[in-house]
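Structural characterization, general
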Amino acid sequence: VGAFDLGNDFLGAAVDGLRTEGRLGHLPRLLTLYSSMAARLGDWDVAITAAEEARRLAEEFAEPQWEAAADTVISLVAAMRGDEQKAERLAARAEAVAESAGANITVAFAQFGKVLAALGSGRHGDAYAYAKRLFDPADSAYHPVISSWLIADLVEAALHIDRLDAARTRVAQVEAIAGAQPGAWIALVLRYARALVAEPAEAGERFDEALASDLTRWPFQRARIQLGYGQWLRRQWRGAE
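Numbers given for residues are sequential positions, taken from 1 along each chain in its written order. Thresholds applied to this predicted model are a pLDDT of at least 70 for local features of residues and 80 or more for the giving and counting of side-chain atom pairs; totals over whole chains, interfaces and linings are not thresholded and use all residues. Computation of side-chain values covers all heavy atoms of the structure but excludes hydrogens and water.

Our focus in this paragraph is the packing of helix α9 (residues 164-178) against helix α10 (residues 184-197). Here an angle of 0 to 180 degrees is reported between the N-to-C directions of two axes, which are lines fitted to C-alpha atoms, with helices fitted over the stretch in contact. Secondary structure is summarised from DSSP: a helix means a run of H or I of at least four residues, a strand means a run of E of at least two, and numbering begins at the N terminus for each. Where α9 meets α10, the closest approach of the two axes is 10 Å, and the angle between their N-to-C directions is 150 degrees. Classified by the angle between their axes, α9 and α10 sit roughly antiparallel to one another. Helix-helix and strand crossings are classified by hand; for α9 and α10 the assignment is left-handed. Touching Leu164, Ala167, Arg168, Val171, Val174, Glu175 and Ala178 of α9 are Ile186, Leu190, Ala193, Arg194 and Val197, all from α10. Three classes are used: nonpolar for Ala, Val, Leu, Ile, Met, Phe, Trp, Tyr, Cys and Pro, charged for Asp, Glu, Lys and Arg, and polar for all others, with Gly counted as polar. Within the contact of α9 with α10, the residues separate by chemical class into nine nonpolar, no polar and three charged. Should an angle fall under 35 degrees it is taken as roughly parallel, and over 145 as roughly antiparallel, whereas 65 to 115 is taken as roughly perpendicular and any remaining angle as oblique. In a left-handed crossing the near helix is turned counterclockwise from the far helix by less than a right angle, and in a right-handed crossing that turn is clockwise. In this description, contact between two residues means that some pair of their heavy atoms is separated by no more than 4.5 Å.

For Lys114, the position within the fold is in helix α6 (residues 104-120). The classification of residues rests on relative accessible area computed with a 1.4 Å probe and restricted to protein chains. Under 20% of the type maximum is buried, over 50% is exposed, and intermediate values are partly exposed. Take Lys114: its relative accessible area is 9%, and that puts it in the buried class. Apart from residues lying up to four places away in sequence, Lys114 is in contact with Glu88, Ala91, Glu95, Tyr130 and Arg133.

Attention now moves to the packing of aromatic side chains. For Phe, Tyr and Trp, where Trp contributes only its six-membered ring, two rings pair if their centres lie within 6.5 Å, and the inter-plane angle classes them as stacked under 30 degrees, edge-to-face over 60, or tilted in between. For the structure shown, the criterion picks out 11 aromatic pairs. An angle of 80 degrees between the planes, with centres 4.7 Å apart, marks the rings of Phe4 and Trp149 as edge-to-face. With Phe4 in helix α1 (residues 4-21) and Trp149 in the loop between α7 (124-133) and α8 (151-160), this residue pair connects regions lying 145 residues apart in the sequence. Exposure class is identical for Phe4 and Trp149. Each is buried. Using a relative accessible area of 2% as the deciding quantity, one classes Phe4 as buried. Linked through ring pairs, Phe4, Phe109, Phe112, Trp149, Trp185 and Trp218 together constitute an aromatic cluster. Positioned over the ring face of Phe112 is Arg40, at 4.9 Å from the centre of the ring. Counting as a charge over the ring demands two things of the Lys NZ or Arg CZ atom: a distance within 6 Å of the ring centre and an angle within 35 degrees of the ring normal.

Now the structure itself:
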């Protein structure tokens, strides 16, 4: 449900418990999930350490699906850090394994690093195409829940390629799926997405709402919202603000 802040704490405790009990066979899955949460919370050193351990254990246990899943996390962190080539390479490797195994959830996760890498390098058409895959029932990356996690990325890409109406449609779709009380991550990205698609008369208020929420555990997303707000203010000839 996108409660990554809670999930991170629970998973950290679960990983410690598995180590204590010597249940190493369960670690690749939980370490991958733990690293995925840590990455989105901006705790990249923890995320990389956990993902790399998950990958090593999955290789030892001959579990290629969890190797691929760990690669999607390393790809995501690489994209957040601006290493576009590494993000793309690991995402492609993960996707190839997942496609052959029919693991569409891992194919979906492989898009996250690709989307963010494309956004960071200004390839907005590519970013939009990657993100859109999660919303397409005919695509191997389709996932009706995880697609919600990408809504702000999709909207940001859409605005640069003149797809504002399509972006607004997707925001409404995610709002309907998320309901009145979405998890922390989905609430966060929806607030940012609403600001991006708002009419000029409302956008400033929407950005203020997004930045007024508790972003203590979301430093990377806070920075993205601040950047988006700054870009909007500049376009409105409000550079001093």
